[in-house]
Amino acid sequence: MIKNLFVFILSLLFIVISGCNNENSIKIEPDKVVSPLADKVNFDLMKIKKIEVLFGDGRKLLIDGKEDIDKISKQLILINVEKQQSEIGPGYLYNLEIYEDKNTISVSNNTISIEGENYKPVGDEMNKLNKIIIELGRKQLSGIEI
């Protein structure tokens, strides 16, 4: 009798524990890992030489002044990304081609492309970069509507 009761309690305990594990476990998908953008690029973001901006309305802007590049570089370092599984969606506010000697990355307001891989910005830091780019566009291009 005691043996049967012990087996019953042990079985019940096993069911409860395994049920809790399934409900409360956090599944981490390998592609959903968030990491700093600086870890994904193959160069130092503080050594950017120039940035070409293509706004959604077709206007172009070359950023090659040290002060403006440093401001953008410092913001890029703060951005975190996760790998993007789906294809890039339509439309963008702007697209940046960022050059450091022979290395290049492409950054839009919603996707970052590095060596053929697409990443999605995570967090609020991308919004701060958007404000910097829009401010530079309005300062250097007359009549830009963003």
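Residues numbered from 1 in each chain as written. Predicted model: local features only at pLDDT ≥ 70, side-chain atom pairs only at ≥ 80, totals over all residues. Heavy atoms only, no water.

Remarks on helix α4 (residues 125-140)
As a reminder of what qualifies: Only DSSP runs of H or I covering at least 4 residues are called helices, and only runs of E covering at least 2 are called strands; the numbering of each starts at the N terminus. Take the residue count of a helix, subtract one, and multiply by 1.5 Å to get its expected span. By definition, residues are in contact when any of their heavy atoms lie within 4.5 Å.
Between its first and last C-alpha, α4 extends 23 Å over 16 residues, near the 22 Å set by a 1.5 Å rise per residue. Contacts made by the buried residues of α4 are with β2 (50-55), β3 (60-63), α3 (66-78), β5 (94-100), β6 (103-108) and β8 (117-122).

Description of the sheet that holds strand β1 (residues 35-36)
We count it as follows: For two strands to count as paired, DSSP must find a minimum of two bridges between them. The convention used is that axes are lines fitted to C-alpha atoms, helices contributing only their stretch in contact, and that angles between N-to-C directions extend from 0 to 180 degrees.
Overall, antiparallel pairing links the eight strands, which are arranged β1-β4-β8-β7-β6-β5-β2-β3 in an open sheet. Across the chains shown, the open sheet's two edge strands, defined by having one partner strand only, are β1 and β3. Relative to strand β7 (residues 112-114), β6 runs antiparallel, the two being bridged by two bridges. Bridging across to β7, Val107 finds its partner in Ile112. Against the sheet, α4 touches β2, β3, β5, β6 and β8, its axis set at about 95 degrees to β5.

Side note on the packing of aromatic side chains
As a reminder, the rule being used: Aromatic pairing here means that ring centres of Phe, Tyr or Trp (its six-membered ring) are within 6.5 Å. Orientation follows from the plane angle: under 30 degrees is stacked, over 60 is edge-to-face, and everything else is tilted. Lysine NZ or arginine CZ positioned within 6 Å of the ring centre and within 35 degrees of the ring normal marks a charge as sitting over the ring.
For the structure on display, the rule yields zero aromatic pairs. Its guanidinium or amino end placed over the ring of Tyr99, Lys50 lies 5.0 Å from that ring's centre, counting from NZ or CZ.

As for the nonpolar core
Filter applied, for reference: By nonpolar core we mean a set of buried residues, namely Ala, Val, Leu, Ile, Met, Phe, Trp, Tyr and Cys, connected to one another through side-chain atoms within 4.5 Å. Buried means the residue's accessible area, taken with a 1.4 Å probe over protein chains only, is under 20% of the maximum for its type, while exposed means over 50%, and partly exposed covers the values in between.
Formed by 29 residues in total, the largest nonpolar core has its most connected members in Leu37, Ile51, Val53, Ile72, Leu76, Leu96 and Leu129. Put simply, the parts of the chain that give this core at least two residues each are β2, β3, α3, β5, β6, β7 and α4. Apart from the residues lying within four places of it in its own chain, the contact partners of Val53 are Arg59, Lys60, Leu61, Ile63, Tyr94, Asn95, Leu96 and Ile133.

Some points on the pattern of salt bridges
If the charged atoms of two oppositely charged side chains come close together, the side chains can form a pair. Put simply, the rule is: The term salt bridge refers to a side-chain nitrogen of Lys or Arg lying within 4 Å of a carboxyl oxygen of Asp or Glu.
Enumeration according to the criterion identifies seven salt bridges in this entry. The salt bridge involving Glu52 is made with Lys50; its shortest N-O contact spans 3.6 Å. A relative accessible area of 31% means that Glu52 is categorised as partly exposed. Lys50 gets classed as partly exposed once you look at its relative accessible area, which sits at 31%. In this structure, the salt-bridge partner of Glu117 is Lys83, at a minimum N-O distance of 3.1 Å. With Glu117 in strand β8 and Lys83 in strand β4 (residues 80-83), this residue pair connects regions lying 34 residues apart in the sequence.

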